[in-house]
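# Structural description and commentary
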Amino acid sequence: MRSVILKYKKLICSEYQYVTEYNSLPGEQVLLSERFTQPLILQRHRDQKEREEEIRFSGESFQQVLNSRSSLESDHLNTLFNVDHHGISPSAVILQGNSGNGKSFTVQKIVMDWASCDLYKERFDIVFHLKCKEINRISGRKSLVEILSYNCSLTSDQISQILQQAPEKVLFIIDGFDELRLTQNIYDKSAQTDPLRKAPPVVTLCALMKGHILPESFLLVTTRSTATDTLGNLLKGPQRFTEIMGFTKKGVEEYFQKFFQNEELFRKAYECVRANETLFTTCSIPVICWIICTVMRERFSAGADVLSGLGTTTSIYVDFVSTLLEHHCQGLSQSVPNLLRSLGQLAERGILEEQVLFDKKTVYETVSDPAGNPFLCKFLFKRRINQEIMFSFMHLSFQEFFTALYYISLDSKAFKGKLAKLRSDFYVWNSRSVAVMQFISGLLNEDVRGTLRRKYGVFVHLNTQTYLKELLFQMGSCVLNLHCLYELHEESFVKEVLNGKADISVLYKPIRRTDCWALLYCCQCCQCMKKLMLHFAQITFENLSMILPVLHKFETLM
């Protein structure tokens, strides 16, 4: 069988060395080595305080939180099945991660490294990779051996021989457990112990996970957080829980470097994103890293000036939502407009009540299918002698985004009322209201509105943009309003608000790179401006050089 396994490994190396990206055309592939970056993997559950830190913090503070986890507890792929401090090795490892956090990429890397003899060389003779999405498509009654033969180049006879020879040297990777179509009575199905016995494919797979079939073998199961407790009840022991946290600051930098493969372009793109606190935070999510790099590459190819930014923050979030809706929303019970509306209602409640964690009752009152929702994370916390289930958005910024998306979908009268409340908070620099206002501005951009209507059935009332523009016109040229105008990204309106009559003042605060982007964009839209006042504002030479080309448009500089 050695020659059979060697041939199997060669075929895996040939197939798994490439990845297909979300936007790949037929036959278009990228080398795994040019994309895979080791994510931060933790081997424990975190408590409520730690979760809240990860959701609330942003920018460098968020990366410091991740780095503090990384320095003490992070795992590498070759340690997943190591013995613990009790000397016990797990039979089953749960690899949890949110949508877009890189679970499937990590699995592909594990399989590829095993086939290349770089990982688990002595530990596992054979690794089988089963994708739950594909298991769902298999009809009729199938044995484990038949299911495996669907997914690899080996024949049923070869698989039977391998499983009989050394089951304790077999690793089954079950990818995407949350996508498996489980029936209510799956726990009651008769115990099945023979890998050749036929049953519905899901029943056969669950018998493997329970340890009824090949109890000596090992399992690695990936899942979203929303299905972890269900999986824990189905899986044999001893179990080990691990969680993909995403990229640390070092991981984000490495990903950008691999993506661009050009030092100058990498440095321009990375520094551009680092300057945007919101986007730099969400770059810990691998799929957002990919979206931003893809957008930046298009800008470079088109010869766009990187100093003008990378497009709006809102447009990046819309791209992210589009990606998850298209690729991570199989079998949802809600229509997309209802799904987005219910998420928005939950998000707004959190904004108003200053919550980032939601109890199970609150979530189920609002969202009809939270377990299948790719935008929600689910946590189990210990409460004295009980467990409590809590939910959250991936990060506070997504809560702010979905609140804004909900507001623009309201009728014009309701939207006007929400806008009035935001306006009062805006003037006292309520950071959440500022973020929601900026997202609202970005969502009312003409192209974005068209995308929302065409792809997701989210309609914006005609008066909604009029009300927002009236408010932005009244707010004039404060720095926060410049950010809203930047997100709205409509040159004619920027001219109307600012041209020839704007006094812009920055008092006693550092001027960030994103402030310079907003100022640069707004000034480029206008013929002339009145006055720029930088009263004791802290501005670096690099940031000053960004806005230097438009300073001549101001009648007075102070």
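All figures in this text were calculated on a predicted structure; none of them were measured in a lab.

Across its full length, the chain holds 25 helices and 15 strands. Here the C-alpha radius of gyration of the chain, 26 Å, is about what a compact globule of 558 residues would show, namely 24 Å. A principal-axis box enclosing the C-alpha atoms of the chain has dimensions of 85 × 50 × 45 Å. A separation threshold of at least 6 residues defines the contact pool for the chain, and within that pool the share at least 24 residues apart is 76%. Split by element, the accessible area of the chain, about 24700 Å² in all, is 49% carbon and sulfur. The average position of the 64 basic charges and that of the 60 acidic charges among the side chains of the chain differ by 2 Å.

What follows is about the packing of aromatic side chains. For any two aromatic rings, the description comes down to two numbers: the centre-to-centre distance and the angle of the planes. Per the counting criterion, the structure on display carries 31 aromatic pairs. Each ring, one from tyrosine 317 and one from phenylalanine 401, has its centre 5.6 Å from the other, and the planes form 40°; the classification is tilted. One end of the pair, tyrosine 317, is in helix 14 (residues 313–327); the other, phenylalanine 401, is in helix 17 (residues 396–408), and 84 residues separate them in sequence. Taken individually, tyrosine 317 and phenylalanine 401 each receive the classification buried, so the pair is uniform in this respect. Here a set of aromatic residues connected by ring pairs shows up, and it is made of Phe247, Tyr255, Phe256, Phe259, Phe260, Phe266, Tyr270, Phe280 and Phe300. Against the face of tryptophan 114 rests lysine 9, its NZ or CZ located 4.8 Å from the ring centre. Over the face of the ring belonging to phenylalanine 218 we find arginine 123, whose NZ or CZ atom lies 5.4 Å from the ring centre.

Once that is clear, we can look at helix 2 (residues 48–56). Residues of helix 2 that are buried include every one of Glu50, Arg51, Glu54 and Ile55, and no others. Angular distribution of buried residues about the axis of helix 2 spans 135°; they occupy a single face of the element. One side-chain oxygen of the residue at the start of helix 2 lies 3.2 Å from the amide nitrogen of lysine 49, identifying that residue as aspartate 47.

Judged by nonpolar contacts, the single largest core of 112 residues is most densely connected at Phe256, Phe320, Phe402 and Ile440. If you tally residues by element for this core, the top one is helix 13 (residues 286–301), at 10 residues. Each residue touching phenylalanine 256, except ones within four places of it in the same chain, is listed here: Phe266, Ala269, Tyr270, Val273, Cys283, Cys289, Ile292 and Cys293. Counting residues in each nonpolar core, the second largest holds 67 residues, with Val30, Leu80, Leu171 and Leu231 among its members.

In this section: the environment of phenylalanine 218. In this fold, phenylalanine 218 is placed in strand 8 (residues 218–223). Judged by relative accessible area, which is 14%, phenylalanine 218 ranks as buried. Considering only alpha carbons, one finds phenylalanine 218 and serine 91, 127 residues apart in sequence, at a separation of 5.0 Å. In this structure phenylalanine 218 touches Phe81, Ser89, Pro90, Ser91, Arg123, Phe124, Glu168, Val170, Leu171, Phe172 and Lys236, once residues within four positions along its chain are discounted.

Procedures and definitions
In every chain, residue numbers begin from 1 and rise along the written sequence. Local features in this predicted model are restricted to residues whose pLDDT is 70 or higher, and side-chain atom pairs enter the listing and the counts only when it is 80 or higher, whereas totals over whole chains, interfaces and linings include all residues. To obtain the side-chain values, all non-hydrogen atoms of the structure were used and water was disregarded. Numbering of helices and strands runs from the N terminus; a helix is a DSSP stretch of H or I covering at least four residues, while a strand is a stretch of E covering at least two. Atoms counted for the radius of gyration: C-alpha only. Globule rule: 2.2 Å times residue count to the power 0.38. The contact criterion used throughout is that any non-hydrogen atoms of two residues lie within 4.5 Å. Surface exposure here means Shrake-Rupley accessible area, sampled with a 1.4 Å probe, where a residue is shielded only by the protein chains that are shown. In this tally, Lys and Arg are treated as positive and Asp and Glu as negative; His is ignored, and so are the chain termini. Positions of charges follow a simple convention, taking NZ of Lys, CZ of Arg, CG of Asp or CD of Glu. Here a Phe, Tyr or Trp ring, Trp counted by its six-membered ring, pairs with any other such ring whose centre lies within 6.5 Å, and the pair is stacked when the planes are under 30 degrees apart, edge-to-face when over 60, and tilted otherwise. Burial classes follow relative accessibility: with a 1.4 Å probe on protein chains only, a residue under 20% of its type's maximum area counts as buried, one over 50% as exposed, and anything between as partly exposed. As a reminder, the over-ring test applies to NZ of lysine and CZ of arginine, requiring each to be within 6 Å of the ring centre and within 35 degrees of the ring normal. What the arc covers is the set of directions going from the helix axis to the C-beta atoms. Under the rule applied, a polar contact is a pair of N or O atoms within 3.5 Å (in protein, one hydrogen donor and one hydrogen acceptor; residues adjacent in sequence only if both atoms are side-chain atoms). Within this scheme, the nonpolar core is defined by two criteria: the residues are buried Ala, Val, Leu, Ile, Met, Phe, Trp, Tyr or Cys, and they are joined through side-chain atoms within 4.5 Å.

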